Amino acid sequence: MTLIWSVDPLRDDHLFNHQVGPYLADYFRDRPLVFQRLYERMWQENSVWVPSLSLTAMLAGPAWFAFRRHYLAMALSMFLINSMLMIGYFSDHDGLLALAMFSATAAWAFCGLFGRSMVMAAAARFISRTIERYTEPLLQRRAVWRAGGVDYVTGTGMLAGQLTMMFPLFWEVVRGPILLWPIA
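Residues numbered from 1 in each chain as written. Predicted model: local features only at pLDDT ≥ 70, side-chain atom pairs only at ≥ 80, totals over all residues. Heavy atoms only, no water.

Enquirer: What is the right way to look at the overall build of the protein chain in this model?
Expert: The helix and strand tally for the protein chain stands at eight helices and zero strands. The helix and strand sequence of the protein chain, counted from the amino end, reads α-α-α-α-α-α-α-α. Out of the 184 residues belonging to the protein chain, those deemed buried represent 45%. Summarising the internal contacts of the protein chain: among those between residues at least 6 apart in sequence, 74% fall at separations of at least 24. A total accessible area of about 10800 Å² is found for the protein chain, and carbon and sulfur atoms account for 66% of it. (Helix = DSSP H or I, 4+ residues; strand = E, 2+ residues; numbered from the N terminus. Buried < 20%, exposed > 50% of the residue type's maximum accessible area, 1.4 Å probe, protein only. Contact = heavy atoms within 4.5 Å. Areas by Shrake-Rupley, 256 points an atom, 1.4 Å probe, with all protein chains shown as cover.)

Enquirer: I tried to follow the packing of helix 2 (residues 32-45) against helix 6 (residues 94-133) on my own but got confused; where do I start?
Expert: Where helix 2 meets helix 6, the closest approach of the two axes is 10 Å, and the angle between their N-to-C directions is 85 degrees. One way to sum up the angle between helix 2 and helix 6 is to call them roughly perpendicular. Contacts between helix 2 and helix 6 involve V34, F35, L38, Y39 and M42 from the first element and R116, S117, M120, A121 and A124 from the second. Taken together, the residues that form the contact of helix 2 with helix 6 break down as eight nonpolar, one polar and one charged. (Axes fitted to C-alpha atoms, helices over the stretch in contact; angles between N-to-C directions. Parallel < 35°, antiparallel > 145°, perpendicular 65-115°, else oblique. Nonpolar A, V, L, I, M, F, W, Y, C, P; charged D, E, K, R; others polar.)

Enquirer: How do you make sense of the packing of aromatic side chains when you look at a structure like this?
Expert: Each aromatic ring pair is specified by the distance between its two centres and by the angle formed by the two planes. In the structure shown here, the tally under the stated rule is eleven aromatic pairs. Ring centres 5.7 Å apart and planes at 70 degrees place the aromatic pair W64 and F65 in the edge-to-face group. (Phe/Tyr/Trp six-rings, centres within 6.5 Å; stacked < 30°, edge-to-face > 60°.)

Enquirer: What should I look at first to understand unusual backbone geometry in this one?
Expert: Excluding glycine, residues mostly carry a negative phi; peptide bonds, for their part, are mostly trans. In this structure, N46 is a non-glycine residue whose phi angle is positive, near 55 degrees. Look at N46 and you get partly exposed, because its relative accessible area is 44%. With a phi angle near 65 degrees, R69 is a residue other than glycine that sits in the positive phi range. By the secondary structure assignment, R69 is in the loop between helix 4 (62-67) and helix 5 (71-90). Given a relative accessible area of 32%, R69 falls into the partly exposed group.

Enquirer: Teacher, can you tell me more about the nonpolar core here?
Expert: Proteins that are soluble and globular tend to have nonpolar side chains buried together. By size, the foremost hydrophobic cluster in this structure holds 42 residues, and its most contacted members are F28, Y39, M42, F65, M120 and I127. Elements supplying a minimum of two residues to this core: helix 1 (24-27), helix 2, helix 3 (55-60), helix 4, helix 5, helix 6 and helix 8 (152-175). A per-element tally of this core places helix 6 first, with twelve residues. (Core = buried A, V, L, I, M, F, W, Y, C linked by side-chain atoms within 4.5 Å.)

Enquirer: What is the right way to look at helix 5 in this model?
Expert: Helical geometry note: an α-helix holds 3.6 residues per turn, so side chains three or four residues apart project in the same direction. In this model, helix 5 (20 residues) spans 28 Å end to end at C-alpha, consistent with the 28 Å of a helix rising 1.5 Å per residue. Along helix 5, the positions that sit buried rather than exposed are A73, M74, S77, M78, I81, M84, L85, G88 and Y89. Around the axis of helix 5, the buried residues are gathered within 135 degrees of arc, so they sit on the same side. In this structure, helix 5 carries L72, L76, F79 and F90 as exposed residues pointing more than 90 degrees from its buried face. (Expected span 1.5 Å × (residues − 1). Arc of directions from axis to C-beta.)

Enquirer: It is not clear to me how the side chain of S54 should be interpreted in this structure. Could you clarify?
Expert: As for its placement among the helices and strands, S54 is situated in the loop between helix 2 and helix 3. Of the residues examined, S54 reaches a relative accessible area of 3% and is grouped as buried. Look past the residues within four positions of S54 in its chain and what remains in contact with it is W64, G112 and R116.

Enquirer: Would you mind showing me how to read the pattern of salt bridges here?
Expert: Counted by the stated rule, this structure contains two salt bridges. The closest approach of N and O atoms between D26 and R141, which form a salt bridge, is 2.3 Å. In this pair, D26 sits in helix 1 while R141 sits in helix 7 (residues 137-147), placing the two residues 115 residues apart along the sequence. For R68, the salt bridge goes to D30, with nearest N and O atoms at 2.8 Å. Note that R68 is positioned in the loop between helix 4 and helix 5 and D30 in the loop between helix 1 and helix 2, a separation of 38 residues in sequence. With relative accessibility at 37%, the residue D30 sits in the partly exposed group. (Salt bridge = Lys/Arg side-chain N within 4 Å of Asp/Glu carboxyl O.)

What follows is the structure, encoded as structure tokens:
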């Protein structure tokens, strides 16, 4: 697959440049064509915020960022979602509960709609910095290969944590207040 390259010298930055394309398959070993097409769309639109619906990212939410080794986005989205769930869980005010649930759902949907773009932008910046840092092509490929891929251990742990975190909320919706377990 060939990328559409621009001759505009202003486009040669840390995100959109001619050197990133050949290394994308090394970074995204499990889904190279999907991310290559996304990079082409980002290049054409000259924007990082290109929507790319990923049902996996939407279902897994912040854990998907952990699978993709994008730990900062995982931590920020998890903090936001957990905060909103705690507000929703401990709030007695219906308006605050609705706002918290809407915010948590919106954050989850954002993960599914823009997650790939965020990961692609971070990967493109990393690849550009790696190419600048190392002069030897073999070292460049090795550094990109090591940084890319999928982190199954952290991703699975985050997914298990998310499911554990959501259990009390589902229990309360289905069976009533969870704080009454010892009484019931």
